[in-house]
Amino acid sequence: MSALHRTGSTPAVPAPPASGASQEEIRRQNLGALLRHVHVHGPTSRAELTARLGLNRSTIGALAADLAAAGLVTEGAPVTTRRGRPSLVVTPRSNRVYAQALSIEPDKLRAARIGLGGRVLDLRDTPRPAGTSAVDAVDTLTALAHEMDRDVAADSIRVGIAVAVTDTTRDRDGRVRIGGPDEKLRSAIGAAFGDGRTGPTVLAGDLADIAALAEHVRGVAADVDDLIYLHGSSGVSAGIIIEGRLVVGHGGRSGKVGHMVVNPDGLPCECGSRGCWQTEIGEAALLRHAGRDPGTPDGVCEVLRAAADGEPAATAAVERVADWLGFGVANLVNVVNPDAVVFGGSLREVYLAGADVVRQRLDELALPASREHVQLLPAALGPDAALIGAAELAFAHLLADPLHIGTAA
Ligand SMILES: [Zn+2]
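Bear in mind the structure is a predicted one, so any value in this text is a computation, not a measurement. Here the residue numbering is sequential within each chain, running from 1 through the sequence in written order. Per-residue local features are limited, in this predicted model, to residues with pLDDT of at least 70; the limit for side-chain atom pairs, both in listing and counting, is 80 or more; totals at the level of whole chains, interfaces and linings are taken over all residues. Calculated side-chain values reflect all of the structure's heavy atoms, with hydrogen atoms and water omitted.

Draft legend 1. A look at the sheet that holds strand E5 (residues 108–115). Only strands joined by at least two bridges in the DSSP assignment are considered to pair. Put simply, DSSP H or I for four residues or longer makes a helix, DSSP E for two residues or longer makes a strand, and each gets a number counted from the N terminus. The strand order E6-E5-E4-E7-E10 describes an open sheet built from 5 strands, whose pairing is mixed. The two strands at the open ends of the sheet, each matched to only one other strand, are strand E6 (119–127) and strand E10 (202–206). On average, each strand axis in the sheet is inclined to that of its neighbour by 15°, with strand direction left out of account. The pairing of strand E7 (residues 157–165) with E10 spans 5 bridges and is parallel. Residue pairing across strands places Val-163 opposite Ala-204, the latter belonging to E10. To obtain each axis, a line is fitted to C-alpha atoms, and for helices this fit is confined to the stretch in contact; angles are then taken between N-to-C directions over 0 to 180 degrees.

The following block contains the structure:
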């Protein structure tokens with residue numbers, strides 16, 4: 001089974017029950033749809049929920065009362081509807097019901113408590129020492145989480161734990177190694193956060209997949225069900241969502257678009273191949289083309305600033321990387337035919353600086369049927385996307401079966 005469960009958005013309107021579905025199953029689906037609606041869209045009146053979910057008033061009232069009794073939502077402060085009737089507002093209990101989100105990034109370790117409704121309740125981070133593996137990061141992440149636990153109310157419910165893991169790490173000599181989430185990491189986190197024997201269930205996924213999920217649920221692609229999210233850091237990865245669901249592949253390892261070979265005469269890549277896409281559009285490529293040392297801290301920002309100021313070497317570097325970016329995006333658009341391509345991490349800034357060049361390449365190389373409708377979008381959630389997406393992963397079980405977790409906690 002894949003480490004990253006398929007957790008694309010559930011439609012706001014419940015699917016018609018399959019013939020033979022039990023009353024209990026229909027009720028569970030409706031509870032999930034109502035809770036998901038307020039989780040994604042925030043406080044909503046019963047009248048609005050009735051309209052949005054296509055259920056009658058008394059059903060919505062009963063579902064909301066069940067969720068309130070389970071401690072997952074509150075009902076209060078009625079608003080007056082257009083027909084002049086008062087209607088209770090259903091609000092997710094963000095302070096009480098939360099997910100533990102973790103991220104293991106190339107240079108940083110981050111932990112957050114994120115409440116139902118997507119509210120960041122607390123967030124801590126610390127630099128990631130060079131040469132450490134993802135499993136080495138578990139003790140530090142546990143310590144960050146325990147610091148946060150001191151502020152957690154006794155009746156809080158932690159619905160799950162999820163970790164976003166970047167697919168590349170840097171060793172002590174500065175070389176990049178390719179890895180990703182695996183069973184060993186999930187077990188180590190489960191043991192650290194649990195009672196020392198079995199531990200709670202931990203979900204894990206590639207950082208680009210999880211950031212894609214975040215942009216799909218709460219970010220720039222909230223209304224888009226077919227999208228490619230491209231994440232740039234020391235490497236380049238993609239999260240691909242088709243018909244509202246993440247495509248994760250065997251072992252959760254799909255989306256390694258940074259290793260598409262685009263230039264067979266190009267530079268060697270750390271994966272052992274040559275001319276991979278990330279050797280042309282990765283952070284190191286931008287710095288190299290601009291004549292900077294690839295190890296320069298904050299070098300990408302400096303090159304982009306210099307390009308904005310008109311420095312010729314920096315401007316040429318941005319144009320060259322944007323050109324290769326458009327080249328690869330055109331191929332991906334032909335394969336996946338998405339409605340949007342979202343640029344995140346360092347690729348967000350590269351895209352914004354070279355948007356015309358990217359679009360020009362796309363128009364030149366992609367098939368008209370695939371390119372004409374596709375939107376190119378900068379990511380909206382910034383560096384918190386991985387944590388927000390990890391929380392969505394952790395909330396998925398609750399949203400699928402709200403009362404099971406609500407009453408069990
Ligand atoms: Zn490669």
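Draft legend 2. Spatial organisation of the environment of Ala-145. The topology assignment puts Ala-145 in helix H4 (residues 138–149). We classify Ala-145 as buried; its relative accessible area is 0%. As a C-alpha pair, Ala-145 and Ala-101 span 44 residues in sequence and 9.3 Å in three-dimensional space. Discounting chain neighbours no more than four positions away, the residues touching Ala-145 are Gln-100 and Phe-193. With a 1.4 Å probe rolled over the protein chains alone, any residue whose accessible area is under 20% of its type maximum counts as buried; one over 50% counts as exposed, and the rest are partly exposed. The contact rule is simple, with two residues in contact once any of their heavy atoms fall within 4.5 Å.

Draft legend 3. Broad picture of unusual backbone geometry. The phi torsion at Glu-243 lies on the positive side, around 50°, for a residue other than glycine. Along the polypeptide, Glu-243 turns up in the loop between strand E12 (236–242) and strand E13 (245–247). Taking relative accessible area as the criterion, Glu-243 reaches 67% and is therefore assigned exposed.

Draft legend 4. Layout of the packing of helix H10 (residues 312–336) against helix H12 (residues 355–365). As a packed pair, H10 and H12 sit with axes 7 Å apart at the nearest point and diverge in direction by 40°. As judged from the angle between their axes, H10 and H12 are oblique. The interaxial crossing formed by H10 with H12 has right-handed handedness. Note on element contacts: H12 touches H10 through Val-357, Val-358, Arg-361, Leu-362 and Leu-365, opposite Glu-319, Ala-322, Asp-323, Leu-325, Gly-326, Phe-327, Val-329, Ala-330, Val-333 and Asn-334. When grouped by side-chain class, the residues that make up the contact of H10 with H12 number 10 nonpolar, 2 polar and 3 charged. An angle counts as roughly parallel when it lies under 35 degrees, as roughly antiparallel when it exceeds 145, as roughly perpendicular when it falls between 65 and 115, and as oblique in every other case. Two helices crossing with the near one rotated counterclockwise from the far one by less than a right angle form a left-handed crossing, whereas a clockwise rotation gives a right-handed crossing. Residues are grouped as follows: nonpolar covers Ala, Val, Leu, Ile, Met, Phe, Trp, Tyr, Cys and Pro; charged covers Asp, Glu, Lys and Arg; every other residue, Gly included, is treated as polar.

Draft legend 5. Quick peek at the pairing of strand E4 (residues 97–104). Most of E4 sits inside the fold, with 8 of its 8 residues counted as buried. Because side chains alternate across E4, one face comprises the buried residues Val-97, Ala-99, Ala-101 and Ser-103, and the other comprises Tyr-98, Gln-100, Leu-102 and Ile-104, equally buried. Inspection of the sheet shows E4 paired to E7 by 8 bridges, in the parallel sense. Each residue of the ladder has a partner; that of Ile-104, found in E7, is Val-165. Pairing between E4 and E5: 7 bridges, direction antiparallel. For Ala-101, the partnering residue across the bridge sits in E5 and is Ala-112. Between E4 and the antiparallel strand that follows it, E5, lie 3 residues.

The values reported here are purely geometric and, on their own, carry no functional implication.
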